[in-house]
Amino acid sequence: MTKVVEVLANREELIARSLLVVCSQIQAAIAERGICTIAAAGGSTPEPLYKLLSAQDLPWDKIHVFWGDERYVPSDHQDSNQKMARLAWLDKVNIPPSNIHPMPTGSGDPAADALAYQTQLQDFFQVSEGEFPAIDIILLGIGDDAHTASLFPHTAALQVRDALVTVGNKDGQPRITFTVPLINHARCVIFIVAGASKKPALAQIFAPVADDLTYPSRLIQPSGELLWLLDAAAGEELQSLG
Ligand SMILES: O=C(O)[C@H](O)[C@@H](O)[C@H](O)[C@H](O)COP(=O)(O)O
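Residues numbered from 1 in each chain as written. Predicted model: local features only at pLDDT ≥ 70, side-chain atom pairs only at ≥ 80, totals over all residues. Heavy atoms only, no water.

- As named in an unreviewed UniProt entry, the protein chain is 6-phosphogluconolactonase, taken from Microcoleus anatoxicus PTRS2.
- What UniProt records for the protein chain under Catalytic activity (unreviewed entry) is the sentence "6-phospho-D-glucono-1,5-lactone + H2O = 6-phospho-D-gluconate + H(+)".
- Per UniProt, the comment on the protein chain under Pathway (unreviewed entry) is "Carbohydrate degradation; pentose phosphate pathway; D-ribulose 5-phosphate from D-glucose 6-phosphate (oxidative stage): step 2/3." (UniProt positions renumbered as here; feature names shortened; annotations may be inferred.)

**Comments concerning the overall build of the protein chain**
Consideration 1: Counting its regular elements, the protein chain contains seven helices and nine strands.
Consideration 2: Taken over C-alpha atoms, the radius of gyration comes to 17 Å for the protein chain, in line with the 18 Å a tight globule of 242 residues would show.
Consideration 3: Based on the C-alpha atoms only, the size of the protein chain along its principal axes is roughly 40 × 40 × 35 Å.
Consideration 4: Residue pairs at least 24 apart in sequence account for 76% of intrachain contacts in the protein chain once pairs closer than 6 positions are excluded.
Consideration 5: Element-wise, carbon and sulfur atoms account for 50% of the exposed surface of the protein chain, whose accessible area totals about 10,200 Å².
Consideration 6: Of the side chains in the protein chain, 17 bear a positive and 28 a negative charge, and the two mean positions are spaced by 3 Å. (Helix = DSSP H or I, 4+ residues; strand = E, 2+ residues; numbered from the N terminus. Rg over C-alpha atoms; globule rule 2.2 N^0.38 Å. Contact = heavy atoms within 4.5 Å. Areas by Shrake-Rupley, 256 points an atom, 1.4 Å probe, with all protein chains shown as cover. Lys, Arg positive; Asp, Glu negative; His and termini not counted. Charge placed at Lys NZ, Arg CZ, Asp CG, Glu CD.)

**Concerning the site of the ligand**
Consideration 1: Taken together, 15 residues surround the ligand, and among them S44, T45, D69, A149 and K198 come closest.
Consideration 2: Between the ligand and S44, the relevant distance is 2.7 Å, taken from an oxygen atom to a side-chain nitrogen or oxygen of the residue.
Consideration 3: Within the contact set of the ligand, an oxygen atom lies 2.7 Å away from a backbone nitrogen or oxygen of A149.
Consideration 4: Protein burial of the ligand: of its 410 Å² of free accessible surface, 86% is covered by the chains.
Consideration 5: The pocket occupied by the ligand, as judged from atoms lying within 2 Å of grid points, is the largest pocket.
Consideration 6: Split by residue class, the shell around the ligand holds two nonpolar, nine polar and four charged. (Near = heavy atom within 4 Å. Polar contact = N/O pair within 3.5 Å; in protein donor to acceptor, adjacent residues only side chain to side chain. 1 Å grid on protein atoms, 1.4 Å probe; cavity = no way out; pocket = protein on both sides within 12 Å on 5 of 7 lines; lining within 4 Å. Sits in = over half its atoms within 2 Å of the grid points. Nonpolar A, V, L, I, M, F, W, Y, C, P; charged D, E, K, R; others polar.)

**What about the nonpolar core?**
Consideration 1: If you look at the biggest cluster of nonpolar residues, it comprises 82 residues, and the most contacted ones within it are Y50, L139, F178, I190 and W228.
Consideration 2: Among the elements that make up this core, the one with the highest residue count is helix α1 (residues 11-33) (nine residues).
Consideration 3: Ignoring anything within four residues of it in the chain, the contact list for Y50 reads A40, A41, M84, A85, A88, W89 and L139. (Core = buried A, V, L, I, M, F, W, Y, C linked by side-chain atoms within 4.5 Å. Buried < 20%, exposed > 50% of the residue type's maximum accessible area, 1.4 Å probe, protein only.)

Pasting the structure below:
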């Protein structure tokens, strides 16, 4: 694993740097394999990045978009990560609809929808049961509680090691989420974190010793590249880490 921590002066510079990094990773994946697979993060931080991505001249027909997690709501719900990414980004670029792979949330059974997405991933990446595909880029954020994707502290999802996708739990509300092993098999994981509210969580995530189940982002230790892109409000005390 190669781990890089970059602290940018402010949120605007963080998003500008994130755009450069993501576009570079996309171009490298396409150059190497003719295709790029990228998993979008939810929440509010990445939205301005998605807006900038929508203005990029990229070979969208070679780019496949997945989601690392999804709230268990209809795709037109205000809380939908899919809806946010479509409005900010995917509705504005010439990407084939078949290149967009949203997490299903419509069956009324989160476990069934998680399994359905897992099957979609296995079919797309041509992997067998027990195998984990290497997604080129997985974008992540962290919560103030150090969760990432929908891997919340002290939830069952943190322990799942034999599935690609599972059911997350936020305060009793179901989510669909990538599992820790699927994220850790990515070629490149990029955390994009902004705001002073994330400082306490970052201190625990980067601490030499802390409880992984209490601070789930600690579990993200990919075999490939790990990039932490932070604004100073969140990461000023981590400047020297690499
Ligand atoms: O579905 C979600 O909400 C995200 O996947 C979640 O993990 C998010 O990345 C963090 O909660 C940070 O959210 P903000 O970017 O809004 O701070």
